[in-house]
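Report on the structure
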Amino acid sequence: MIMSKLLEQIDKDKIPVHVAIIMDGNGRWAKKQQKDRLFGHNRGAQSVMHVVEASADLGVGYLTLYAFSTENWGRPQSEIKGLMSLLGKFLKSEAQKLYKNNIRLHTIGDIGTLPLPLQKAIQDVKKKTECNTRLHLIIALSYGSRAEIVQATKLIANEVKQGHLDMAQIDESLFAQYLETADFPDPDLLIRTSGEQRVSNFLLYQISYSELYFTNIEWPDFSKDDYYRALISFQTRKRTCGKI
Ligand code: FPP
């Protein structure tokens, strides 16, 4: 196999620990092919596997993918149904690959709102991969960052009310422990495809110091080489996190 020229340019000692991706542009990509939106989502699932494989190979520790936002419930029922069924099929068909490649599945978001067969598929793959350690694959499903922050605030308020926590103990790191991402480090790099330059209610607390990378490539076209380009760009950034 010919090694990608871009892959050769990546400094293996400066791989981001956590990459988060807003996978945008499936609908527009499909429209350009005169196909329906679900065709775009189906192709998008292939891009997911390219990025998962590349992340595992390069030693990225955590990969968070925004697959369905709380706002996405406002889409036509047919698209929602198709997406849910695609996610379920994806989990079933890729479960063995995730397991064998030492990849552990996690989710963030309100999983209880998803159709029961999808909830079951998620539970099964989580269970199957729970001892895996090479890559943590975190899929955001029915996820909204503002809702997550409000929920964390309620949990902390309740702890104070119950007398388990003192107001003085509340600081940034304690707050982070009440977010759904408590077990994961903050993303180093946030990628958004398809040319839009916004964060759309994704990991708002966690991306405070993340490097942002926007590309015009639509998600179904996003290849390993496109991912390598994002990583190379990340490696040229000078990260001071507010210091000098
Ligand atoms: C945004 O494109 C994409 C989504 C809302 C769904 C993302 C889902 C996938 C990539 C399917 C597979 C996912 C996994 C985790 C297996 P859009 O529909 O908003 O596109 P548009 O902005 O061009 O309309």
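Remember, it's a predicted structure, so these values are computed and weren't measured experimentally.

This part takes up the site of the ligand. Surrounding the ligand, one finds 20 residues, the nearest of these being Asp 24, Gly 27, Arg 28, Arg 37 and Arg 75. At 3.2 Å from an oxygen atom of the ligand is found a main-chain nitrogen or oxygen belonging to Asn 26. Between the ligand and Arg 75 there is a distance of 2.7 Å, counted from an oxygen atom to a side-chain nitrogen or oxygen. In the complex, the protein chains occlude 92% of the 620 Å² of accessible area that the ligand would expose alone. When residues of the shell around the ligand are traced back to their parent elements, those giving at least two are α2 (26-32), α3 (37-58) and α4 (77-100). When residues of the shell around the ligand are assigned to their parent elements, the largest contribution, five residues, is made by α3.

With that settled, the discussion passes to the packing of α4 against helix α5 (residues 116-128). Relative orientation of the contacting elements α4 and α5 amounts to 15 degrees, with a least axis distance of 9 Å. Taken as axis vectors, α4 and α5 run roughly parallel relative to one another. Crossing hand, α4 versus α5: left-handed. Facing Met 84, Leu 87, Gly 88, Leu 91, Ala 95, Gln 96, Leu 98 and Tyr 99 of α4, the residues of α5 in contact are Leu 118, Ala 121, Ile 122, Val 125 and Lys 128. Considered class by class, the residues forming the contact of α4 with α5 number 10 nonpolar, two polar and one charged.

Among the nonpolar cores identified, the biggest contains 52 residues, and Ile 21, Leu 63 and Tyr 227 are the most heavily contacted of them. No other element matches α4, which puts nine residues into this core. The next biggest cluster of nonpolar side chains, apart from the first, holds 13 residues, and it includes Ala 20, Tyr 62, Ile 108 and Leu 190.

This part is about the packing of aromatic side chains. According to the stated counting rule, one finds nine aromatic pairs in the structure shown. Look at Trp 29 and Phe 39: their rings are 5.7 Å apart centre to centre, the planes differ by 15 degrees, and that puts the pair in the stacked class. A residue pair is termed long-range when its members are at least 10 positions apart, and Trp 29 in helix α2 and Phe 39 in helix α3 qualify at 10 residues. The class for Trp 29 is buried, based on a relative accessible area of 4%. With relative accessibility at 32%, the residue Phe 39 sits in the partly exposed group. Centre to centre, the rings of Tyr 66 and Phe 202 are 4.2 Å apart; their planes meet at 10 degrees, and the pair counts as stacked. Taken together, the residues Tyr 66 in strand β2 (residues 62-69) and Phe 202 in the loop between β5 (189-192) and β6 (211-214) connect sequence positions 136 residues apart.

Conventions used here
Residues numbered from 1 in each chain as written. Predicted model: local features only at pLDDT ≥ 70, side-chain atom pairs only at ≥ 80, totals over all residues. Heavy atoms only, no water. Near = heavy atom within 4 Å. Polar contact = N/O pair within 3.5 Å; in protein donor to acceptor, adjacent residues only side chain to side chain. Areas by Shrake-Rupley, 256 points an atom, 1.4 Å probe, with all protein chains shown as cover. Helix = DSSP H or I, 4+ residues; strand = E, 2+ residues; numbered from the N terminus. Axes fitted to C-alpha atoms, helices over the stretch in contact; angles between N-to-C directions. Parallel < 35°, antiparallel > 145°, perpendicular 65-115°, else oblique. Left-handed = near helix turned anticlockwise from the far one by under 90°. Contact = heavy atoms within 4.5 Å. Nonpolar A, V, L, I, M, F, W, Y, C, P; charged D, E, K, R; others polar. Core = buried A, V, L, I, M, F, W, Y, C linked by side-chain atoms within 4.5 Å. Buried < 20%, exposed > 50% of the residue type's maximum accessible area, 1.4 Å probe, protein only. Phe/Tyr/Trp six-rings, centres within 6.5 Å; stacked < 30°, edge-to-face > 60°.

The values reported here are purely geometric and, on their own, carry no functional implication.
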